[in-house]
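So the chains spell out like this:
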Amino acid sequence: MQSALSRYMLDVVNLFYPKVCLACSEALLGNEEVICFKCEATLPETGHWNDPENALMKRFWGRVDLQGAAAMLQFQKGGPVQHLLHQLKYRGRQDVAAFLGQNFGNILKNDSSVIKDIDVVVPVPLHWKKLKSRGYNQCSFFAEELAKALNTGWSDTALERVHENISQTKFSRLDRWGNVAEIFAVKDATQLAGKHVLVVDDVVTTGATAEACMQTVLGVEGTRVSFAAMAVALR
């Protein structure tokens, strides 16, 4: 049990350095972590996991031989999901990825989920230059916690990003697909061969990067692939 002294010291620390919700910036209560209960209850979930013909699946139809796809949340500029992911990607708040991974994993364990029977969870890799500058791959923490919740394995060494793709913002939709072609490679095929691989990413916009990564996985003998993301941008 937590001693009275330790509770007092924690209260003092919180007085001068209060913990805040990473979605709305309001102060967290003592039993709240990462985000407040109000934001957790109102996060804009997609419901993709219940629909085998969901909008994310349709983005990949005719492009990838996909078993299932689902994003957890809807991403909108200025919204709570953007605030959460900004804290993860640029402020080192790895607990955001753990929170989302645990929660999404628990959702996907449902028997009716479009994502099921996963053997290994693999994050979309960062190029080594980006990894060096940021210090971590935000998708790796998400993949690890997702795998724990699904009671399966995960790996951040099976794939690698061999080319940097430049910013997508000034490209047309068609040019974005060409910009990410052949930027991934298999680093260790033994971790993937004959397995159902769940590729995971943070935010999906066009889906070009995710497609390139999944096609790389499908180049390994006997693989099947599904896809999961923390969020998908509204269109």
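Refer to the structure printed above.
Only a predicted model underlies this, so the values are computations on that prediction, with no experimental measurement involved.

Criteria and thresholds
- Counting restarts for each chain, with residues numbered from 1 along the sequence as it is written.
- Residue-level local features of this predicted model are given only where pLDDT is at least 70; pairs of side-chain atoms are given and counted only at 80 or more, and the full residue set underlies all totals for whole chains, interfaces and linings.
- With hydrogens and water excluded, all non-hydrogen atoms of the structure serve as input to the side-chain values.
- By the criteria applied, helices consist of DSSP H or I runs no shorter than four residues and strands consist of E runs no shorter than two, each listed in order from the N terminus.
- When a residue's accessible area, from a 1.4 Å probe over protein chains only, is under 20% of the maximum for its type it is buried; when over 50% it is exposed; and in between it is partly exposed.
- A contact between two residues is defined here by any heavy atoms of the two lying within 4.5 Å.
- Here the Shrake-Rupley method, with its probe set to 1.4 Å, supplies the accessible areas, and only the displayed protein chains count as covering residues.
- Salt bridge, as used here, is a side-chain nitrogen of Lys or Arg placed within 4 Å of a carboxyl oxygen of Asp or Glu.
- Each aromatic pair joins two rings of Phe, Tyr and Trp (for Trp, the six-membered one) with centres within 6.5 Å, and gets the label stacked for planes under 30 degrees apart, edge-to-face for over 60, and tilted for any other angle.
- Here, a strand pair is defined by DSSP locating no fewer than two bridges between the strands.
- To qualify as a nonpolar core, a set must consist of buried Ala, Val, Leu, Ile, Met, Phe, Trp, Tyr and Cys residues joined through side-chain atoms within 4.5 Å.
- Between N-to-C directions, angles span 0 to 180 degrees; the directions come from axes that are lines fitted to C-alpha atoms, helices contributing only their stretch in contact.

Colleague: Give me the overall build of the protein chain: which residues, what numbers.
Modeller: For the protein chain, the count of helices and strands is nine helices and seven strands. Per-residue burial for the protein chain yields a buried fraction of 47% across its 235 residues. Considering only contacts in the protein chain between residues 6 or more positions apart, those separated by 24 or more positions represent 74%. On the protein chain, roughly 12500 Å² of surface is accessible, and the fraction owed to carbon and sulfur atoms is 51%.

Colleague: With reference to specific residues and values, describe the pattern of salt bridges.
Modeller: Within the structure shown, the criterion is met by five salt bridges. Between glutamate 144 and lysine 148 there is a salt bridge whose closest N-O contact spans 4.0 Å. Taken together, the residues span about one helical turn, with glutamate 144 and lysine 148 both in helix H7 (residues 138-150) at a distance of four residues. Among the charged side chains, a salt-bridge network with shared partners connects Glu144, Glu145 and Lys148.

Colleague: Requested: an account of unusual backbone geometry, with residues and values cited.
Modeller: With a phi close to 55 degrees, aspartate 117 is a non-glycine residue in the positive phi region. Within the secondary structure layout, aspartate 117 lies in the loop between helix H5 (94-108) and strand E2 (120-123). One non-glycine residue, asparagine 151, lies in the positive phi region at around 55 degrees. When its relative accessible area of 72% is taken as the criterion, asparagine 151 is described as exposed.

Colleague: I'd like a rundown of the packing of aromatic side chains, residues and numbers included.
Modeller: The final tally for this structure, using the stated rule, is three aromatic pairs. Relative to phenylalanine 104, the ring of tryptophan 49 has its centre 5.7 Å away and its plane inclined at 70 degrees; by these criteria the two rings are edge-to-face. Remark: phenylalanine 104 occurs in helix H5 and tryptophan 49 occurs in the loop between helix H2 (37-42) and helix H3 (55-60); sequence separation between them is 55 residues. The pair formed by tryptophan 49 and phenylalanine 104 is uniform in burial state, with each residue classed as buried. On the numbers, 5.7 Å between centres and 70 degrees between planes, the contact of phenylalanine 60 with phenylalanine 227 is edge-to-face. You can see phenylalanine 60 sitting in helix H3 and its partner phenylalanine 227 sitting in strand E7 (residues 224-233), a full 167 residues away along the chain. The residues phenylalanine 60 and phenylalanine 227 share a single accessibility class, namely buried.

Colleague: Provide a residue-level description of the pairing of strand E1 (residues 66-75), including the pertinent values.
Modeller: Counting buried residues in E1 gives eight out of ten residues, a clear majority hidden from the surface. Sheet topology note: the E1/E7 ladder contains seven bridges and is parallel. Looking across to E7, one finds that alanine 70 is bridged to alanine 228.

Colleague: Got a sec to walk through the nonpolar core? Specific residues and values, please.
Modeller: One finds Ile35, Leu100 and Phe104 to be the most contacted residues of the largest nonpolar core, which totals 39 residues. Broken down by secondary-structure element, the contributors of at least two residues to this core are E1, helix H4 (80-90), H5, H7, strand E6 (196-204) and E7. Broken down by element, the residue count for this core peaks at seven residues, all from H5. Setting aside its immediate chain neighbours within four residues, leucine 100 contacts Met72, Leu73, Leu85, Phe142 and Met230. Core analysis: the next-biggest nonpolar cluster, separate from the first, contains 28 residues, Leu56, Ala158, Val197 and Val199 among them.

Colleague: Describe the sheet that holds E1, naming the residues involved and giving the relevant values.
Modeller: Strand pairs in the sheet, formed through backbone hydrogen bonds, run parallel or antiparallel to each other. The sheet built from five strands is open, its strands ordered E1-E7-E6-E2-E3 with parallel pairing. Pairing within the sheet leaves two strands with one partner each, and these edge strands are E1 and strand E3 (153-154). Most of the contacts of H4 go to E1, to which it runs at about 105 degrees, and overall it touches E1, E6 and E7. Packed onto the sheet, H7 meets E2, E3, E6 and E7 and runs at close to 135 degrees relative to E6.

Such coordinate-based values are descriptive only and should not be taken to indicate function.
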